[in-house]
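Chain by chain, the residues:
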Amino acid sequence: MKLTSKLLTSLALFTLLPTAAHAASGVYVVSAGDTLSKIAREHQTTVSQLMQINQLQSDQLSIGQTLSLPDGSLSTSGDSDAPHDVVTAPSDFAQEEPAELTAGEKARVTVDVLNVRKKASTDAKVLGKLKFGDVVEVVQTGSEWTKIEFEDDEAYVFTSYLSPKLTPDVTFSGDVDSASLKHLETIFEPLLKTPYVLGGTTPDGFDCSGFTSYVFNRLGVTLPRTSEEQFRGGTSIPLDQAQPGDLLFYDALGKGRVSHVAIYLGNGTIVHANGDDVRYGKVEYMHKLYPFYGVKRYIDLQ
């Protein structure tokens, strides 16, 4: 009798405990090519959070596996109650007025993740998502919706979150030589969308430190090969004093040491080989995902 009573009490207490599924705000179904780090980046969470919530013993995934997403992450349903159909829109990047876009030209996405719709309506089917820094071909402009080319078809996104400028606005404090900054931009811009290749050091494919090494070599500066070695060199700079051309370092693998490097561009913007390809990113977003190790300066654009 006592044993039965204790068992029933334990079961009752167990049912009151929050489960991983209840704690999560959405689910994700694993597809071919997915990794925990990729899912974490896309849903603004961390690998450790995903492993903890889903009680994973390793980072190995199987196609069709269902993962619970933590509160505040992005669901995969394609629907969003956020204003202007944008999944996440920090105020420092969102535009208050529609951008002046021109049909036949290219534009850049200025928010973290933007829904792409089949028709100009938030009730229309979501065809996919664009990420910060992605460049699209403008087909037709409108005050609220813009028609774009998307995967060899036409689709719609909110005009407010496209910019006619293909590079982020670079604003910073301090005296930085504009000619040197422009030279930096002309080096990395042609490399955008270059695929990520582990150990890659050429425009055929880069890893994070291969990309920074290639860019800095074009600037006449030889960097050590790996991100960990690059972090050991240079001059340490406080984050609030970072200027374009500085390197920012993170622990992207969760192993307690530097494993990722990015080039700072000013205005909270970076460019890096992020695990998928070479693209723009944001310091704010990176700090949510990975432990930050610091800023190093190898060049001084003053």
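Structural data are supplied above this passage.
Below is a short write-up of the structure. All figures in this text were calculated on a predicted structure; none of them were measured in a lab.

### Points about the pairing of strand S4 (residues 106-109)
Of the pairings in the sheet, the one linking S4 to strand S7 (residues 135-140) comprises three bridges and is antiparallel in character. Looking at the pairing, Ala 107 lines up with Val 136 of S7. Examined bridge by bridge, S4 and strand S10 (residues 162-163) share two bridges and lie antiparallel to one another. Following the sheet pairing, Arg 108 is matched in S10 by Ser 163.

### Some remarks on the side chain of Asn 54
Residue placement: Asn 54 occurs in the loop between helix H4 (47-53) and strand S2 (66-69). Accessibility expressed as a relative area gives 17% for Asn 54, which makes it buried. A polar contact is formed between the side chain of Asn 54 and the backbone oxygen of Leu 50, at a distance of 2.9 Å. With sequence-adjacent residues up to four places away left out, Asn 54 is seen in contact with Thr 66, Leu 67 and Ser 68.

### As for the packing of aromatic side chains
One pass over the full model with this rule turns up seven aromatic pairs. Pairing Tyr 250 with Phe 292 gives two aromatic rings, centres 5.3 Å apart and planes at 50 degrees, and the pair type is tilted. Note that Tyr 250 is positioned in strand S14 (residues 247-250) and Phe 292 in strand S18 (residues 292-297), a separation of 42 residues in sequence. A relative accessible area of 0% means that Tyr 250 is categorised as buried. With a relative accessible area of 30%, Phe 292 lands in the partly exposed category. Here the aromatic cluster, defined as three or more aromatic residues joined through ring pairs, consists of Phe 206, Phe 211 and Tyr 214. Over the face of the ring belonging to Phe 231 we find Lys 296, whose NZ or CZ atom lies 4.5 Å from the ring centre.

### Some remarks on the pattern of salt bridges
Tallied over the entire structure, the rule returns seven salt bridges. Salt-bridge contacts for Glu 137 lead to Lys 106; the nearest nitrogen and oxygen are separated by 3.0 Å. Of this pair, Glu 137 sits in strand S7 while Lys 106 sits in strand S4, placing them 31 residues apart in sequence. Residue class for Lys 106 comes out partly exposed when judged on its relative accessible area of 46%. Glu 154 serves as the salt-bridge partner of Lys 147, at 3.6 Å between the closest nitrogen and oxygen. For Glu 154, a relative accessible area of 40% puts it in the partly exposed group.

### Some words on the pairing of strand S15 (residues 260-266)
Of all seven residues that make up S15, seven are buried, and the element is covered over most of its length. One ladder, built from four bridges, connects S14 with S15; its direction is antiparallel. Of the residues in S15, the one forming a bridge with Phe 249 is Val 261. As judged from the three bridges shared by S15 and strand S16 (residues 269-273), these two strands associate in the antiparallel manner. Across the sheet, the residue bridging to Ile 263 is Val 271, located in S16.

### Here's the deal with the sheet that holds S16
Remark on secondary structure: sheet strands pair via backbone hydrogen bonds, oriented parallel or antiparallel. Across the sheet, which stays open at both edges, the six strands sit in the order S13-S18-S14-S15-S16-S17 with antiparallel pairing between neighbours. Because the sheet does not close on itself, it has two edges, and the strands there are strand S13 (235-237) and strand S17 (278-282). For this sheet the average axis-to-axis angle between neighbouring strands, irrespective of direction, equals 35 degrees. Judged from the five bridges that link them, S16 and S17 form a sheet pairing that is antiparallel. Bridge pairing in S17 links Thr 269 to Lys 282. Running over the sheet, helix H6 (residues 208-218) touches S14, S15, S16 and S17 and is turned about 45 degrees from S15.

Rules used in this analysis
Residues numbered from 1 in each chain as written. Predicted model: local features only at pLDDT ≥ 70, side-chain atom pairs only at ≥ 80, totals over all residues. Heavy atoms only, no water. Pairing = 2+ DSSP bridges. Helix = DSSP H or I, 4+ residues; strand = E, 2+ residues; numbered from the N terminus. Buried < 20%, exposed > 50% of the residue type's maximum accessible area, 1.4 Å probe, protein only. Polar contact = N/O pair within 3.5 Å; in protein donor to acceptor, adjacent residues only side chain to side chain. Contact = heavy atoms within 4.5 Å. Phe/Tyr/Trp six-rings, centres within 6.5 Å; stacked < 30°, edge-to-face > 60°. Lys NZ or Arg CZ within 6 Å of the ring centre and 35° of its normal. Salt bridge = Lys/Arg side-chain N within 4 Å of Asp/Glu carboxyl O. Axes fitted to C-alpha atoms, helices over the stretch in contact; angles between N-to-C directions.

Everything listed is a geometric property; what it means functionally is a separate question.
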